[in-house]
Amino acid sequence: MIRMFKELKGSYRFVLIIVALLFLQAYCDLSLPSYTSNIINVGVQQGGIEDSVPDEIRSSSMEQLMFFMDEDDQETVKEAYELTDEIYTLKKIGDDQREQLNEILGVPMVAVESLREGDTADAIKEQMGLPAQADLLETFAALPEEQRSQMTGQLTEQLEEMPDSIITQSSVAYIRQEYQEMGKDLDQIQMQYVLFSGLKMLGFAAVIMAASVLVTFLSCRVAAKLGHDLRNKVYRKVISFSGSEMNRFSTASLITRSTNDIQQVQMVFTMMFRIVLYAPILGVGGVLKVLGTESSMTWILGLAVALILAVVLILFGVAYPKFKILQSLVDRLNLVSREILTGISVIRAFGREKHEEDRFEEANRRLMKTNLFVNRAMTFMMPTMMLIMNGISVLIIYSGAHSIDAGNMQVGDMMAFIQYAMQIIMSFLMITMISIILPRAGVAASRIEEVLDTEVSIQSPSGAETPRTEEKGTVVFDHVSFSYPGAEEEVLSDISFTAKPGETVAFIGSTGSGKSTLVNLIPRFFDVTKGQILVDGVDVRRMDLKDLRKRIGYVPQKAVLFSGTIDSNLRYGCQDASREQVKKAARIAQAEEFILQKPEEYDSPIAQGGSNVSGGQKQRLSIARAVARNPEIYIFDDSFSALDYRTDAALRKALKEETGQATTLIVAQRISTILHADQILVLDEGRVAGRGTHKELLKNCEVYRQIARSQLSEEELDNEQ
């Protein structure tokens, strides 16, 4: 999969935008629990008063609070407030300064509140011998400073040992009473805080939605471009494959790799940016938020993560090996399907429908069983994850309830902790959800990389040689031998001949004698094992591949046409050919007659694979395609086999007249096709068994005579001899 990330280099700007949007979305997501907590803690429990820092306070009340402060704290408080008409008004201060004021004012407010009424006030009155209705604060104000400082100091030390939550709640109660005495509307303060917090949460939700939509849009765009680029690269790579590389991969496998496998990778990358990148950002951010909220319960999160990882590792250990098998089974199903669809006429002719149905069913059943095994294994994942998540929620509530009861935590903090915990667990859940398809995509990526990393054995040389003009059209085989990669025996052994412009050299022999292999060495579909092949005086291995192949008009053994029109197929090797050149090529190939009979003539459609024309018509169109290119070398690989004798003779006569200056190489099964060849090479088990004209070979070559006897009558043989 690492290679796939490298393919994203053209989309790095979009990736950076996606990452930035994910951080923005995570920030908003992680901010919402704290607002929920604040609405409960501050908005509901504290009446909209955030902390121990009042926005306004009477000067008399401030003086009472200062009894419980040292000189430095008093100075800090006075600097933060502005005194106007016996009212202290809070100046505009930063968060750090507000936190400092909160720490300074919290304990004094609790102290003042405790001196007004309650058990503490009664105990002090009893200790000082004061009546029950006495005002302790006025008594403290009348005491000498030294005695007052001693008593306030003792009280302050006792209060500082109280939990922060209790100090906060008591100081908030003090501020509420202060506001009430100042005539402020407490309900309005509470409602204003709740509404303002709710609007902020709605704003964050809107940002989350917008970021999510943009991330999805950009992710789909990046993944689609990745799929497009991979398909292009795989296509270009496969097009550059020689016969050796094509033999390594089956056609069905290459189709699967360039479609299904790339689709798997594209789908994973679509989800990768939306889920896999987002999950760690959300998880790490959630952990940091939890540590800032309530670190005493972080062990619960550690337990949750450990359980989730254990489940994922166990399931992957069971399912991952099957993902590798899965893609091979898809290849197998494609191969069987392709064979059946291609050979449907043969299957019907031999009545083998039931056999092929069973073969397809076997491939389909194996794929289904493997898919079911993987899916069954993965079905355990989500219920197990939900069980862990719900169990963790119960554990948090149980542990949090004890902390709340002990006064170490507020209800809102516990709820925020639950939300953060769920976000952290959900981040792992998101990764585990994509992990269902991640292993299969990893296998698919490996199969794509296998194609892209395959070393092409036949390439253009770095310093290509330019062919010689004076030897234009000359083909020389100089002691050529060839064996297929991995084969022990040679297919061709020590082949030597020269074909000059204007000459026709033919190759004949029994099936498997190496005729097609020999001519396929000229355009470098394979490279020779020994010896060399010269075209225009240059070794084909030292020529540029495009330069070499544009000199050749190749007609394969199996005629291949492409979907389009007759005209587009005839122009396939020469796009800028005029309509007159196309018509001339069709006349030479004896194809004009049936073309003109069609309603649209040269613009008549050709179906995929040429399925709407006969075998003979397909062969003639293939020959016309080579002629339209006007090459210097023609290669006909048994290209007249589907033609009747009259058409065959007329075609060869027209070829001789119109392409007399070109070099013609013909692979043939029928002797009638090569009777007038300037040179005939008889191949037997990859070796030259005879060489000469038709008449010479009848006299000198036993192998040729045997072929002739199988095709010609005794009378024809006697006449030839």
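Under an unreviewed UniProt entry, the chain has the name ABC transporter ATP-binding protein and belongs to Candidatus Pullilachnospira stercoravium. Under the Subcellular location (unreviewed entry) heading, UniProt states for the chain: "Cell membrane".

**Student:** What is the right way to read the overall build of the chain from this model?
**Tutor:** Secondary structure assignment for the chain yields 29 helices and 15 strands. Looking at the chain as a whole, 47% of its 721 residues are labelled buried. Restricting to contacts in the chain with at least 6 residues of sequence separation, those with at least 24 account for 76%. Carbon and sulfur atoms make up 53% of the accessible area of the chain, which amounts to about 36,700 Å² in all.

**Student:** Whenever I open this one, the sheet that holds strand E9 (residues 552-555) confuses me. Can you help?
**Tutor:** Either a parallel or an antiparallel arrangement is found when strands of a sheet pair, and the pairing is made through backbone hydrogen bonds. Taking strand neighbours across the sheet as the criterion, the six strands line up as E9-E12-E13-E6-E14-E15 in an open arrangement whose pairing is mixed. The open sheet has two edge strands with one neighbour each: E9 and strand E15 (687-692). On average, each strand axis in the sheet is tilted by 15° relative to the strand beside it, whichever way the strands run. The sheet contact formed by strand E6 (residues 504-509) and strand E14 (residues 679-684) spans five bridges and is parallel. Pairing of Val505 across the sheet is with Gln679, part of E14. Packed onto the sheet, helix H25 (residues 615-628) meets E9 and strand E12 (633-637) and runs at close to 175° relative to E9.

**Student:** Where do I start with the side chain of Ser516 in this structure?
**Tutor:** Here Ser516 is to be found in helix H20 (residues 515-520). Overall, the relative accessible area of 18% leaves Ser516 in the buried class. In terms of polar contacts, Ser516 uses its side chain to reach the side chain of Asp637, at 2.8 Å.

**Student:** It is not clear to me how the pattern of salt bridges should be interpreted in this structure. Could you clarify?
**Tutor:** Side chains carrying opposite charge are able to pair once their charged atoms draw close together. Counting across every chain of the model gives 25 salt bridges. The closest approach of N and O atoms between Glu490 and Lys530, which form a salt bridge, is 3.7 Å. In this pair, Glu490 sits in the loop between strand E4 (475-482) and strand E5 (492-499) while Lys530 sits in strand E7 (residues 530-535), placing the two residues 40 residues apart along the sequence. Close ionic contact of Arg579 with Asp567 constitutes a salt bridge, the shortest N to O distance being 3.4 Å. Pair noted here: Arg579 is in helix H23 (residues 579-588) and Asp567 is in helix H22 (residues 566-570), with a separation of 12 residues, a long-range link. Assessed through its relative accessible area of 32%, Arg579 is described here as partly exposed. One network of salt bridges, with partners in common, ties together Asp536, Asp547, Lys550, Arg551 and Glu632.

**Student:** Mind showing me how you'd approach the sheet that holds strand E3 (residues 87-90) here?
**Tutor:** Across the sheet, three strands lie side by side as E1-E3-E2; this open sheet has antiparallel pairing. The strands lining the two open edges of the sheet, one partner per strand, are strand E1 (56-58) and strand E2 (81-84). Taken pair by pair, the neighbouring strands of this sheet meet at an average axis angle of 25°, ignoring direction. Across the sheet, helix H4 (residues 71-80) is in contact with E2 and E3; its angle to E2 comes to roughly 70°.

**Student:** Is there a simple way to think about the nonpolar core in this case?
**Tutor:** The tendency in soluble globular proteins is for nonpolar side chains to be buried as a group. One finds Leu230, Val265, Phe269, Ile392, Ile396, Ile425 and Ile448 to be the most contacted residues of the largest nonpolar core, which totals 59 residues. Those elements that place two or more of their residues in this core are helix H2 (12-45), helix H10 (186-240), helix H12 (251-276), helix H13 (278-293), helix H14 (298-342), helix H17 (381-405), helix H18 (411-434) and helix H19 (438-452). A per-element tally of this core places H18 first, with 11 residues. The contacts of Ile448, once residues within four sequence positions are left out, are Met4, Leu230, Val234, Arg257, Asp261, Ile262 and Val265. Judged by nonpolar contacts, the second largest core, of 46 residues, contains Ile623, Leu643, Leu698 and Ile707.

**Student:** How should I be thinking about the pairing of E12 in this particular structure?
**Tutor:** Consecutive side chains of a regular strand alternate in pointing toward one face of the sheet and then the other. The buried fraction of E12 is high, at five of five residues. Burial of E12 is two-sided: the residues Ile633, Ile635 and Asp637 facing one way and the residues Tyr634 and Phe636 facing the other way are all buried. When E9 meets E12, the two strands line up parallel, connected through four bridges. By the bridge assignment for E12, Tyr554 is matched with Ile635. The pairing of E12 with strand E13 (residues 663-667) spans five bridges and is classified as parallel. Counted as the bridge partner of Asp637 is Val667 from E13.

What counts and how
Residues numbered from 1 in each chain as written. Predicted model: local features only at pLDDT ≥ 70, side-chain atom pairs only at ≥ 80, totals over all residues. Heavy atoms only, no water. UniProt positions renumbered as here; feature names shortened; annotations may be inferred. Helix = DSSP H or I, 4+ residues; strand = E, 2+ residues; numbered from the N terminus. Buried < 20%, exposed > 50% of the residue type's maximum accessible area, 1.4 Å probe, protein only. Contact = heavy atoms within 4.5 Å. Areas by Shrake-Rupley, 256 points an atom, 1.4 Å probe, with all protein chains shown as cover. Pairing = 2+ DSSP bridges. Axes fitted to C-alpha atoms, helices over the stretch in contact; angles between N-to-C directions. Polar contact = N/O pair within 3.5 Å; in protein donor to acceptor, adjacent residues only side chain to side chain. Salt bridge = Lys/Arg side-chain N within 4 Å of Asp/Glu carboxyl O. Core = buried A, V, L, I, M, F, W, Y, C linked by side-chain atoms within 4.5 Å.

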